[in-house]
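Given next are the chains, with one letter for each unit.
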Amino acid sequence: MRNRTATIVKEKRKALGLSQEDMADKLDVSVNYISLIENGKKLPGNKFIRDFSSKFNVPLMLFSQKSLLPEPKTEQEKELVIKFERLMGDMERLFLNNA
C-alpha cells in the first residue's frame, strides 16, 4: 500500500537523481529502510521526517497524512477546503520536482 510519505520520499529521490543507497547515506539510515518507506511498507519515524525535510528542502506539512482542516460545514468552507487541497497539491509538485 502506497501512502503520501512513500510518494514524497521516492519522487524527491528521483528528482535529485539519487539512488536509494545515496539517499540512505545522506540520511544515515539503511538502504532497506528507504526501500520499505518507498514501498509503503513502513512509516518513518519523526527523526527521519525531520532530517529528510531539512536536507532535501521539503516542507514538513507535506507529510501530513490527514487533512489539516476541520470538516467544512458551509458551502464557503467547502470551497476553501478545495482551494487549500489544490494548493497543497501544487506545493507538493513544486517541492518534489525541483532538485
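Before going into details, it helps to say that this report is about the structure given with it.

About the criteria used
- Residues numbered from 1 in each chain as written.
- Predicted model: local features only at pLDDT ≥ 70, side-chain atom pairs only at ≥ 80, totals over all residues.
- Heavy atoms only, no water.
- Helix = DSSP H or I, 4+ residues; strand = E, 2+ residues; numbered from the N terminus.
- Buried < 20%, exposed > 50% of the residue type's maximum accessible area, 1.4 Å probe, protein only.
- Contact = heavy atoms within 4.5 Å.
- Areas by Shrake-Rupley, 256 points an atom, 1.4 Å probe, with all protein chains shown as cover.
- Phe/Tyr/Trp six-rings, centres within 6.5 Å; stacked < 30°, edge-to-face > 60°.
- Axes fitted to C-alpha atoms, helices over the stretch in contact; angles between N-to-C directions.

**Examining the overall build of the chain**
Broken down by element type, the chain carries five helices and zero strands. Counted from the first residue to the last, the chain has its helices and strands arranged as α-α-α-α-α. Here the C-alpha coordinates of the chain stretch approximately 50 × 25 × 20 Å along the principal axes. Relative to its full complement of 99 residues, the chain shows a buried share of 32%. Contacts in the chain between residues far apart in sequence, at least 24 positions, make up 61% of those at least 6 positions apart. When the accessible surface of the chain is totalled, it reaches about 6,600 Å², and 51% of it is carbon and sulfur.

**With respect to unusual backbone geometry**
Non-glycine residue D28 carries a positive phi angle of around 55 degrees. Considering the arrangement of structural elements, one finds D28 in the loop between α2 (20-27) and α3 (31-38). In this model, N57 sits at a positive phi of 55 degrees, which is unusual for a non-glycine residue. Following the sequence through the fold, N57 ends up in the loop between α4 (46-56) and α5 (75-97).

**A look at the packing of aromatic side chains**
Taken as a whole and assessed by the stated rule, the structure comprises three aromatic pairs. Both rings, one in Y33 and one in F48, keep their centres 5.6 Å apart while their planes meet at 75 degrees; by these two values the pair is edge-to-face. Here F48 lies in helix α4 and Y33 lies in helix α3, a separation of 15 residues in the sequence. A centroid spacing of 5.1 Å and a plane angle of 55 degrees characterise the contact between F52 and F56, whose relative ring orientation is tilted. Of this pair, F52 and F56 both sit in helix α4, four residues apart, which is roughly one turn of that helix. Assigned by exposure class, F52 and F56 land together as buried. What links up through ring pairs into an aromatic cluster is the set Y33, F48, F52 and F56.

**Considerations on the packing of helix α1 (residues 4-15) against α5**
Between α1 and α5, whose axes approach to 8 Å, the crossing angle comes to 35 degrees. Residues R4, T7, I8, E11, K12 and A15 of α1 pack against M88, E92, F95, L96 and N97 of α5.

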